[in-house]
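Residues per chain, in single letters:
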Amino acid sequence: MYSKIQNLARDNDYFQDTPTISTIDPSRVIAETNATDSYQNLLFSLIKFRVYTGVYPQRVTVVTHEFKRARFMQCHFPAVGLVPLGPEQENYTHKVAVIGTNPPVEVTSPESLTRGEAVNGIGLWREDLYGVNADLAGKRARRGWSPGMENDIFSHLGLEDVTLDLIRYDGGGHCNKWFPKRESLPWSYTRHDTTERP
């Protein structure tokens, strides 16, 4: 899996805006390999970046399927504190981006993608922001995740308490409350914000 991810990124010149001038050093490309869903992939990648570089990223670009764009913008980015809730999100495009490419229409029709995401993707994430209820936790379990793995993976990395709290967060009351310390996270949209906004 690791080499497939690296090869895909390399073959697409790391999904840069100006692919003719590569600024990515391939020896510095790393893959996060513990995640079992899109939320974990985002969160665990923030942590992997910090472990690898010593700092958290100031800008995050997610390369995924286009049909998952709303899931990241409306659910995952706010859930981990990369953007605020609500319409102010549009003012934070300097902090987050999604590069999306859907499978070819001969493989999966756009209608099928939209329907599937509404039922099994964003439809579930809107009701379970941190993936802890039966449907999403069940998907994680089927993909090899079990409760407590987060302690084995992350507890020895010297992470901040607030970061560990987010990793272990159970969604609060009814399992669907925003993490209450989002603005205190070390990568929060409230920190490291030096870009002028309109």
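Above this text you will find the structure in question.
Quick notes on the rules
Residues numbered from 1 in each chain as written. Predicted model: local features only at pLDDT ≥ 70, side-chain atom pairs only at ≥ 80, totals over all residues. Heavy atoms only, no water. Helix = DSSP H or I, 4+ residues; strand = E, 2+ residues; numbered from the N terminus. Buried < 20%, exposed > 50% of the residue type's maximum accessible area, 1.4 Å probe, protein only. Areas by Shrake-Rupley, 256 points an atom, 1.4 Å probe, with all protein chains shown as cover. Core = buried A, V, L, I, M, F, W, Y, C linked by side-chain atoms within 4.5 Å. Contact = heavy atoms within 4.5 Å. Pairing = 2+ DSSP bridges. Right-handed = clockwise from strand over helix to strand, strands pointing away. Expected span 1.5 Å × (residues − 1). Polar contact = N/O pair within 3.5 Å; in protein donor to acceptor, adjacent residues only side chain to side chain. Phe/Tyr/Trp six-rings, centres within 6.5 Å; stacked < 30°, edge-to-face > 60°. Salt bridge = Lys/Arg side-chain N within 4 Å of Asp/Glu carboxyl O.

Caption draft 1: A look at the overall build of the protein chain. Assigned secondary structure in the protein chain consists of eight helices and two strands. Moving toward the C terminus, one meets the helices and strands of the protein chain in the order α-α-β-α-β-α-α-α-α-α. Expressed as a percentage of the 198 residues in the protein chain, the buried residues total 38%. Carbon and sulfur atoms make up 52% of the accessible area of the protein chain, which totals about 11,300 Å².

Caption draft 2: Fine view of the nonpolar core. Formed by 38 residues in total, the largest nonpolar core has its most connected members in Leu43, Phe77, Val80, Leu82, Leu166 and Trp187. Sequence-distant contacts of Leu82, that is, excluding residues within four places in its chain, are made with Leu42, Leu46, Val60, Phe77, Lys95, Val96, Trp187 and Tyr189.

Caption draft 3: Region of the structure containing the pairing of strand β2 (residues 96-100). Inspection of the sheet shows strand β1 (residues 60-64) paired to β2 by five bridges, in the parallel sense. Within β2, the position partnered with Thr64 by the bridge is Gly100. Tracing the backbone out of β1, into helix α3 (residues 69-79) and back to the parallel element β2 gives a crossover that is right-handed.

Caption draft 4: Representation of helix α2 (residues 38-53) in the model. Helix length check: α2 (16 residues) gives 22 Å between terminal C-alpha atoms against 22 Å at 1.5 Å per residue, within 8%. Within the span of α2, buried status applies to Ser38, Tyr39, Gln40, Leu42, Leu43, Phe44, Leu46, Ile47 and Arg50. Buried-residue contacts for α2 involve β1, α3, α5 (122-127), α6 (134-142), α7 (149-154) and α8 (161-167). Its side-chain oxygen 3.1 Å from the backbone nitrogen of Tyr39, Asp37 forms the N-cap of α2. Gly54 occupies a position one or two residues after α2 and carries a positive phi of about 90°.

Caption draft 5: Expanded view of α6. Residues of α6 that are buried: Leu136, Gly138 and Arg140. Looking at the buried residues of α6, the elements they touch are α2 and α5. One or two steps after α6, the chain reaches Gly144, where phi turns positive at roughly 105°.

Caption draft 6: Focus on the packing of aromatic side chains. Within this structure, the stated rule accounts for nine aromatic pairs. The interplanar angle of 80° and the centroid separation of 5.4 Å between the aromatic rings of Tyr92 and Tyr189 together place this pair among those described as edge-to-face. Linking Tyr92 in the loop between α3 and β2 with Tyr189 in the segment after α8, this pair joins segments that are 97 residues apart in sequence. Pair check on accessibility: Tyr92 and Tyr189 agree, each one buried. Note on Tyr130 and Tyr169: the rings are 4.9 Å apart at their centroids and 90° apart in plane angle, and the pair reads as edge-to-face. A residue pair is termed long-range when its members are at least 10 positions apart, and Tyr130 in the loop between α5 and α6 and Tyr169 in the segment after α8 qualify at 39 residues. Pair check on accessibility: Tyr130 and Tyr169 agree, each one buried. Every member of this aromatic cluster is reached through a ring pair, and the members are Tyr39, Trp125, Tyr130, Tyr169 and Phe179.

Caption draft 7: Expanded view of the side chain of Gln40. By the element assignment, Gln40 lies in helix α2. The residues contacting Gln40, other than those within four sequence positions of it, are Asn34, Ala35, Ser45, Arg140 and Trp145.

Caption draft 8: Focus on the pattern of salt bridges. Under the criterion given, the structure shown has five salt bridges. Glu160 is the salt-bridge partner of Arg50, the closest N and O atoms lying 3.8 Å from each other. Of the two residues, Arg50 is situated in helix α2 and Glu160 in the loop between α7 and α8; the sequence distance between them amounts to 110 residues. Exposure remark for Glu160: the relative accessible area of 26% places this residue in the partly exposed category. Asp165 is paired through a salt bridge with Lys181; the nearest N and O atoms lie 2.5 Å apart. One end of the pair, Asp165, is in helix α8; the other, Lys181, is in the segment after α8, with 16 residues separating them in the sequence.

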